[in-house]
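Okay, here's what each chain looks like letter by letter:
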Amino acid sequence: MLKAGSLYYAIIICVLIGICCMSFLLISHYSKMHSLFLSTQTELLSTNNSVVNYYLNNHHQLDEYYKEVTIFNGDIKTKASIHSWGFYKILKVFSVFKNDTIKVNSYLGQVNKDTIALYLPDKGKPIFMVGKAKIYGDVFVPNKQLKRGYITTNSFNNKIFLYGNKFKSSKKLPILKNVFKVSNEQNVSVNLEELKKDKLYNSFNKKTIILNSKKYIISNKKLSGNIILISKDSLYIRKNNNLENIIIKAPKVVFEKGFSGVIQIHAIEKVVLENNVLLKYPSGIFIDNNNNNKAVKTEVLLKNNSKICGSIVVTGNSTSNSEKLITIEKKAQVFGNVYCYGSTQLLGEINGTLYTEQFYIKTAASSFENYVKDGVINRSKLPNLFLGVSFNTNNGESKYKIIKNL
Amino acid sequence: MEKVNIKLLKTCSFFKASSLTESIIAMVIITSCISVSFLIYGRVISTDMNLSTLKAEQKIKELLLKTKKEKSFEDDYFSYTGYEISKRVQFLNTNSVYKVSFYVTSGTNNTIYDYIIEE
């Protein structure tokens, strides 16, 4: 039997309607907040991307310290800075809107303006091609002279050794300035032996970590990011190391057989890649020796089956008497550009451009100047998308593009 | 007879009647609740994002990709059902970098989307 109580039923119905309305309002409110959050994220990303695109073409306006950017009128604040990291640069852009921040670090490389395969300055001697030596691409050689050569029992085997055009070179190699730099911002110095763990990752948003090594052998370490490994003496890098995006700075650096990593090396005397070593893209080797002592030999040696994807630069003072050599043994490969302010012994393959003062070949009996035996220079195998260092200083500095985001 | 009537009444009277005042108050309460709920519903629906605005945002992404791919760095105007997009390209005084702005008009809403792209 139902008692009279229309008021009670009315209140119950009101409460029910009220609950439905409130939940409807809440759902709508949170849905709007979520869509506003997503659209803010999209706008943040889009603004950040636009600023990156702007500074790819105007990196000279930036320096190591964050600069506020006012390209768009709006509430999104953006700051940008650029740092040198060896042959490459790191563009840091961060965008802020209220509590949301987006930080993008881009690893930049120069667009390759070098369309030629070989540049050899005119010292009055032609180049002699021996064995299976070939050049694919245009060349700048002394007096446009490229001839067949003969060493002991080896002569030139093929019909053609140049697949490209010949041009006359000038008397000097183009001079490279500031091709390998590391920004001198505040660093944190740590001894490698004092590290508690064998792994270390340092973001490019933090200060650079300088790892000082007193030991000659580096073994079983996992280092990646904004790290410079320094030694006052030589370094022997074992193949059980996992090194990525770091810079190694030592007078001599040797990599054990089978090593693989992404490294830039700054040496003074010697860099040796033993058999089957792979330095992946974007790596680099830089030797800068201004020593006037003729006894000091500067050398980059790529042994059998070793590969490097990046640039090799051996340079020094024009008045320096020390010998500068790059030796690329049989089956060794370089993907990138090579610059040698000295002599190059090419027995392997360069897929890119070579700038060198002269060639040489050392046999058991003698050594020959400006001879290329079995070596191949192939400009067409280097993709147009390859970014690294451009040695072509005509028409100003090359543009920078993004290799990868860190 | 009277006794029978009273008995019948007692058996049939399982619904007790509310007073008139009570009934009127109850009806007023229910009606006001329902009208408030309709108001809330109408308000929420009208302030929610317009479908045209969402379509326009997607279209802008398409047009931006097309501008990059075809390198069509010229001003243009597009008219679609429910919205219009006006594209303005400004050459920034630097190496082949353009500022592309899309002005979207959808009903009474006007929004601007800015991008910087390189050639």
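Novice: What exactly am I supposed to notice about the overall build of chain B here?
Specialist: Looking only at helices and strands, chain B has three helices and four strands in total. Starting at the N terminus and walking to the C terminus, you meet the elements of chain B as α-α-α-β-β-β-β. When the 119 residues of chain B are sorted by exposure, 29% land in the buried category. Once local pairs closer than 6 in sequence are excluded, the contacts in chain B between residues at least 24 apart make up 28%. Summing over all exposed atoms, chain B offers an accessible surface of approximately 8600 Å²; the carbon and sulfur share of this is 60%.

Novice: In this structure, what is going on with the overall build of chain A? I would like to understand it.
Specialist: Across its full length, chain A holds one helix and 38 strands. Taken over C-alpha atoms, the radius of gyration comes to 29 Å for chain A, far larger than the 22 Å a tight globule of 406 residues would show. For chain A, the residues scored as buried account for 52% of the 406 residues in total. Residue pairs in contact within chain A that sit at least 24 positions apart in sequence constitute 52% of those at least 6 positions apart. Each charge class in chain A can be summarised by its mean position, and for the 55 positive and 27 negative side chains these summaries are 4 Å apart.

Novice: I keep staring at the sheet that holds strand β9 (residues 146–148) of chain A and nothing clicks. Help me out?
Specialist: Residues and elements named next belong to chain A. In spatial order, the strands read β9-β6-β35; together these three strands make up an open sheet with parallel pairing. Two strands in the sheet have a free side with no partner beyond their single neighbour: β9 and β35 (371–373). Pairs of neighbouring strands in the sheet enclose a mean axial angle of 30°, with direction left out of account. Bridging between strand β6 (residues 127–130) and β9 involves three bridges; their strand directions are parallel. Paired with Ile127 across the bridge in β9 is Leu146.

Novice: Please explain the pattern of salt bridges as it appears in this structure.
Specialist: Residues and elements named next belong to chain A. Enumeration over the complete set of coordinates arrives at seven salt bridges over all chains. Ionic pairing is found between Lys123 and Glu357, a salt bridge with its closest N-O pair at 3.1 Å. Here Lys123 is found in the loop between β5 (116–119) and β6, whereas its partner Glu357 is found in strand β33 (residues 354–362), with 234 residues between them in sequence. One salt bridge in this structure joins Glu349 and Lys381, with 3.4 Å as the shortest N-O distance. You can see Glu349 sitting in strand β32 (residues 349–351) and its partner Lys381 sitting in the loop between β36 (376–378) and β37 (387–388), a full 32 residues away along the chain.

Novice: Before we go on, may I ask you to explain the nonpolar core in this structure?
Specialist: Soluble globular proteins: nonpolar side chains tend toward being buried together. Residue and element names in this part refer to chain A. Ile248 and Phe255 are the most contacted members of the largest nonpolar core, which totals 55 residues. Residue contacts for Phe255: discarding those within four places in its chain leaves Ile237, Ile248, Ile263, Ile265, Val272, Leu273, Glu274, Val277 and Leu279. The next biggest cluster of nonpolar side chains, apart from the first, holds 21 residues, and it includes Phe204, Phe286, Val313 and Val389.

Novice: Whenever I open this one, helix α3 (residues 51–70) of chain B confuses me. Can you help?
Specialist: Since one α-helical turn is 3.6 residues long, residues separated by three or four positions face the same way. All names here are of chain B. Between its first and last C-alpha atoms α3 spans 29 Å; for 20 residues at 1.5 Å apiece the expected length is 28 Å, and the two agree. Among the residues making up α3, those that are buried are Ser52, Thr53, Ala56, Ile60, Leu63, Leu64 and Thr67. Each buried residue of α3 lies within a common arc of 115° when the element is viewed along its axis, so the set occupies one face. Opposite its buried face, α3 presents the exposed residues Leu51, Leu65 and Lys69, each directed more than 90 degrees away.

Novice: Explain the sheet that holds strand β1 (residues 76–80) of chain B to me, please; I cannot follow it from the model alone.
Specialist: Paired through their backbone hydrogen bonds, the strands of a sheet run either parallel or antiparallel. Spatially, β1-β2-β3-β4 (chain B) is the arrangement adopted by the four strands of the open sheet, whose pairing is antiparallel. Looking at strand neighbours, the two that pair on one side only are β1 and β4 (109–118) of chain B, the edges of this open sheet. Across this sheet, the average inter-strand angle for adjacent strands is 15°, counted without regard to direction. As paired elements, strand β2 (residues 83–92) of chain B and strand β3 (residues 97–106) of chain B share nine bridges and run antiparallel to each other. The residue of β3 of chain B that forms the bridge with Ser86 of chain B is Tyr103 of chain B. Packing of helix α1 (residues 6–56) of chain A onto the sheet brings it into contact with β2, β3 and β4 of chain B, and relative to β4 of chain B it is tilted by some 35°.

Novice: I would appreciate a short explanation of a nonpolar patch on the surface in the present structure.
Specialist: Taken together, the side chains of Tyr9, Ile12 and Leu16 of chain A make up a nonpolar region of the molecular surface, amounting to roughly 310 Å² of accessible area. Residue position: Leu16 of chain A is located in helix α1.

How each quantity is defined
Residues numbered from 1 in each chain as written. Chains lettered and ligands numbered in written order. Predicted model: local features only at pLDDT ≥ 70, side-chain atom pairs only at ≥ 80, totals over all residues. Heavy atoms only, no water. Helix = DSSP H or I, 4+ residues; strand = E, 2+ residues; numbered from the N terminus. Buried < 20%, exposed > 50% of the residue type's maximum accessible area, 1.4 Å probe, protein only. Contact = heavy atoms within 4.5 Å. Areas by Shrake-Rupley, 256 points an atom, 1.4 Å probe, with all protein chains shown as cover. Rg over C-alpha atoms; globule rule 2.2 N^0.38 Å. Lys, Arg positive; Asp, Glu negative; His and termini not counted. Charge placed at Lys NZ, Arg CZ, Asp CG, Glu CD. Pairing = 2+ DSSP bridges. Axes fitted to C-alpha atoms, helices over the stretch in contact; angles between N-to-C directions. Salt bridge = Lys/Arg side-chain N within 4 Å of Asp/Glu carboxyl O. Core = buried A, V, L, I, M, F, W, Y, C linked by side-chain atoms within 4.5 Å. Expected span 1.5 Å × (residues − 1). Arc of directions from axis to C-beta. Patch = residues over 30% accessible without salt bridge, like charges linked within 9 Å, V, L, I, M, F, W, Y side chains within 5 Å.

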